[in-house]
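Architecture and fold: a report
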Amino acid sequence: VYRLTPRRALVQSVDVFTPVVDDAYAFGEIAAANSVSDIYAMGGKPLTALSIVAFPIDTLSPRIMNRMLQGGVDKLREAGVALLGGHSIKDREIKLGFAVTGVVDPRKMTVNSKAKPGDVLILTKPIGTGTLSFARQIGRAPAAGLAEAEASMRALNRAAAEIMTAAGVTTATDITGFGLAGHLGEIA
């Protein structure tokens, strides 16, 4: 967070992911939705993004990379975020993410460190998508569960962020990567 004025600050975040689904377009959507979620979790409005792509161009079709990026671009457009450019590298493993810049009123910004005993915990999406993603990798995930998890991961957190900000929430986090337990540990 970089304060510009007493009522306006830049908020920046970067997230990079390995594929959690088999469909390249859906993976791009998920990577973009997760990347803007950090801005939403702080009560901010995401404005711009830069893409970060690692791809084994020597062994996989560039069409796969194009579909990933198209999914990301379309999800960013849905979020009202302009993709300004990006960077790609040749790598053995596919990775995709976005560096996102937004704005926030620092007086209303939510952080992960203001929780108090007695506060109510509200989850805006189902938990367990990480567990299902891992189960998919080892061939143990039910198809219906995977479809629901994918739909949840592709959905933007914009509406929840707008409600959170209007309600005056002071503590929030974006539960990805570390799962619920990891993020609750940070909040506690």
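It should be noted that the structure appears before, not after, this text.
Residues numbered from 1 in each chain as written. Predicted model: local features only at pLDDT ≥ 70, side-chain atom pairs only at ≥ 80, totals over all residues. Heavy atoms only, no water.

Our focus in this paragraph is the overall build of the protein. Regarding its fold elements, the protein presents six helices and five strands. Listing the helices and strands of the protein from first to last along the sequence gives β-β-α-β-α-β-β-α-α-α-α. Taking 188 residues into account, the globule formula puts the C-alpha radius of gyration at 16 Å, and the protein, at 17 Å, falls close to it. Across its three principal directions, the C-alpha atoms of the protein cover 50 × 35 × 25 Å. Residue burial in the protein is summarised as follows: out of 188 residues, 37% are buried. Just so you have it, the protein exposes about 10700 Å², and 57% of that area is on carbon and sulfur atoms. Each charge class in the protein was averaged separately, 20 positive and 17 negative side chains, and the resulting centres sit 6 Å apart. (Helix = DSSP H or I, 4+ residues; strand = E, 2+ residues; numbered from the N terminus. Rg over C-alpha atoms; globule rule 2.2 N^0.38 Å. Buried < 20%, exposed > 50% of the residue type's maximum accessible area, 1.4 Å probe, protein only. Areas by Shrake-Rupley, 256 points an atom, 1.4 Å probe, with all protein chains shown as cover. Lys, Arg positive; Asp, Glu negative; His and termini not counted. Charge placed at Lys NZ, Arg CZ, Asp CG, Glu CD.)

Considering the arrangement of structural elements, one finds Thr129 in helix 3 (residues 129–137). With 44 residues separating them in the primary sequence, Thr129 and Thr173 have C-alpha atoms 16 Å apart. Contacts of Thr129, omitting those with residues within four sequence positions, involve Ala149 and Met153. (Contact = heavy atoms within 4.5 Å.)

On to the pattern of salt bridges. Going through the model one piece at a time under the given rule, you end up with nine salt bridges. Where Lys95 meets Glu93, a salt bridge forms, and the shortest distance between an N and an O atom there is 3.7 Å. A relative accessible area of 23% means that Lys95 is categorised as partly exposed. Judged by its relative accessible area of 40%, Glu93 is partly exposed. Linking Asp105 and Arg107 is a salt bridge whose minimum nitrogen-to-oxygen distance equals 2.6 Å. What makes Asp105 buried here is its relative accessible area of 16%. (Salt bridge = Lys/Arg side-chain N within 4 Å of Asp/Glu carboxyl O.)

With that settled, consider the packing of helix 3 against helix 4 (residues 143–154). The description of two helices packed together rests on the angle between their axes and the distance between the axes. Where helix 3 meets helix 4, the closest approach of the two axes is 10 Å, and the angle between their N-to-C directions is 130°. Regarding the angle of helix 3 to helix 4, the classification is oblique. The hand of the helix 3/helix 4 crossing is left-handed. Between helix 3, through Thr129, Leu132, Ser133 and Arg136, and helix 4, the contact on the second element is made entirely by Gly145, Leu146, Ala149 and Met153. (Axes fitted to C-alpha atoms, helices over the stretch in contact; angles between N-to-C directions. Parallel < 35°, antiparallel > 145°, perpendicular 65-115°, else oblique. Left-handed = near helix turned anticlockwise from the far one by under 90°.)

Now for the side chain of Asp174. Along the chain, Asp174 turns up in the loop between helix 5 (158–167) and helix 6 (179–187). Within the buried set, Asp174 has no salt-bridge partner at all; the shortest N-O distance to an opposite charge, 7.0 Å, is to Lys125. Not counting chain neighbours up to four residues away, the residues in contact with Asp174 comprise Asn34, Ser37, Asp38, Ala41, Asn157 and His183.

Spatial strand order, 1-2-5-3-4: five strands in an open sheet with mixed pairing. What marks the edges here is a single partner per strand, and that holds for strand 1 (2–5) and strand 4 (82–90). In this sheet, neighbouring strand axes are inclined to one another by 20° on average, regardless of whether the strands run parallel or antiparallel. The sheet contact formed by strand 1 and strand 2 (residues 8–17) spans three bridges and is antiparallel. Bridge assignment links Arg3 to a residue of strand 2, and that residue is Ala9. Of the strands in this sheet, strand 2, strand 3 (45–55) and strand 5 (95–104) are in contact with helix 1 (residues 24–41), which crosses strand 5 at around 30°. (Pairing = 2+ DSSP bridges.)

Before going further, it helps to examine helix 1. End to end, helix 1 covers 26 Å across 18 residues, agreeing with the expected 26 Å (1.5 Å per residue, within 8%). For helix 1, the N-terminal capping position is held by Asp23, with its side-chain oxygen 3.3 Å away from the main-chain nitrogen of Tyr25. Looking one or two places after helix 1, you find Gly43, whose phi comes out positive at around 80°. (Expected span 1.5 Å × (residues − 1). Polar contact = N/O pair within 3.5 Å; in protein donor to acceptor, adjacent residues only side chain to side chain.)

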